[in-house]
Amino acid sequence: MSELTLLLLRIGFLVLLWAFVFGVVYSLRADLFGVKVRRMPEPAEAGAPAAAAPAPAPAAPRANTTAPVTDRPASGSAPRDGAKGGPATTTSATRIVITSGPKAGLELPLGNEPLTIGRSSESGLVIRDDYTSSHHARLILWGEQWMLQDLDSTNGTWHDGARVSTPVPVTLGAPIKVGATTFELRA
């Protein structure tokens, strides 16, 4: 090999080594101190134009349109406590119920303050497992509606089977997965 090739290989390995070192330092810093959190826009006031409010997602088409549509449960059965329903608001959602994970069965009252979820002892809901970030997710009020926001966690936050990338409205009774723990907002 020529000396020029050897010199270029040495420089390439040196650049690769420094990129690895910076990646490790960034990862440690983010895990120890958290990451920068984006703010939610302020909710639209009652007199504000409707364009300021987020547009609702379009409804998915029905697979079977021949079945009659009713507002009552089938066979006269009542829905179970915490069954999937409408949006989780300050009046409809009063508690958080952990349905699976290390703290399964735990119920927490849901106030009107934002709730941070993560491994950090500063979090409102502390979940200590290997798949949860220090500051993993946050439940916040946007007007009267509860919203779920992922705080740039490593393994992501899931709401009703979909990964949360931007703040999403929480549905009453829909499963929220953070690390190895699943919980729901219930009445």
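Up top you'll find the structure we're talking about.
The following refers to the structure shown. Just so it is clear, the model here is predicted, and its values are computed rather than measured.

Bringing the environment of W158 into the picture now. Here W158 lies in strand β7 (residues 157-159). Between the alpha carbons of W158 and V178 there is a distance of 6.8 Å; along the sequence they are 20 residues apart. Setting aside residues up to four positions removed in sequence, W158 forms contacts with R163, V164, P175, I176 and K177.

Below, the discussion takes up the packing of aromatic side chains. Scanning the model with the defined rule gives 1 aromatic pair in all. Ring plane angle 40° and centroid distance 5.9 Å describe the contact between W18 and F22, whose orientation is recorded as tilted. Taken together, the positions of W18 and F22, both in helix α1 (residues 3-33) and 4 residues apart, correspond to about one turn of that helix. Taking relative accessible area as the criterion, W18 reaches 46% and is therefore assigned partly exposed.

Quick look at unusual backbone geometry now. Within the chain, D152 stands out as a residue other than glycine whose phi angle is a positive 55°. Counting through the fold element by element, D152 comes out in the loop between β6 (145-150) and β7. By relative accessible area, which is 41% here, D152 ends up partly exposed. Even without being glycine, D160 reaches a positive phi, approximately 55°.

Once that is clear, we can look at the pattern of salt bridges. What the rule picks out here adds up to 2 salt bridges. R95 is paired through a salt bridge with E107; the nearest N and O atoms lie 2.9 Å apart. One end of the pair, R95, is in strand β1 (residues 95-100); the other, E107, is in strand β2 (residues 107-109), and 12 residues separate them in sequence. Linking E184 and R186 is a salt bridge whose minimum nitrogen-to-oxygen distance equals 2.8 Å. Of the two residues, E184 and R186, both sit in the buried class.

What follows covers the sheet that holds β2. Read from one edge to the other, the open sheet built from 6 strands follows the order β2-β1-β11-β10-β7-β8, with strand pairing classed as antiparallel. Single-partner strands in this sheet number two, and they are β2 and β8 (162-163). In this structure, β7 lies alongside strand β10 (residues 176-178), joined through 3 bridges in antiparallel fashion. Bridge pairing links H159 to I176 in β10.

A few words on the sheet that holds strand β3 (residues 115-118). With respect to topology, 5 strands assemble into an open sheet ordered β4-β3-β5-β6-β9, the strand pairing being mixed. Because the sheet does not close on itself, it has two edges, and the strands there are β4 (125-126) and β9 (168-169). As paired strands, β3 and strand β5 (residues 137-142) are joined by 3 bridges and run antiparallel to one another. Note that in β5 the partner of I117 across the bridge is A137.

With that out of the way, let us pick up the side chain of S153. Position of S153 among the secondary structure elements: in the loop between β6 and β7. At 3.3 Å, the side chain of S153 and the side chain of H136 are in polar contact. Of the polar contacts made by the side chain of S153, one reaches the backbone nitrogen of G156; its length is 3.1 Å.

Turning our eyes to something else, we now look at the pairing of β3. The two faces of a sheet get side chains in turn, since along a regular strand they alternate between them. For β3 and β4, the ladder comprises 2 bridges, and the chain directions are parallel. By the bridge assignment for β4, G118 is matched with V126.

Procedures and definitions
- Residues numbered from 1 in each chain as written.
- Predicted model: local features only at pLDDT ≥ 70, side-chain atom pairs only at ≥ 80, totals over all residues.
- Heavy atoms only, no water.
- Helix = DSSP H or I, 4+ residues; strand = E, 2+ residues; numbered from the N terminus.
- Contact = heavy atoms within 4.5 Å.
- Phe/Tyr/Trp six-rings, centres within 6.5 Å; stacked < 30°, edge-to-face > 60°.
- Buried < 20%, exposed > 50% of the residue type's maximum accessible area, 1.4 Å probe, protein only.
- Salt bridge = Lys/Arg side-chain N within 4 Å of Asp/Glu carboxyl O.
- Pairing = 2+ DSSP bridges.
- Polar contact = N/O pair within 3.5 Å; in protein donor to acceptor, adjacent residues only side chain to side chain.

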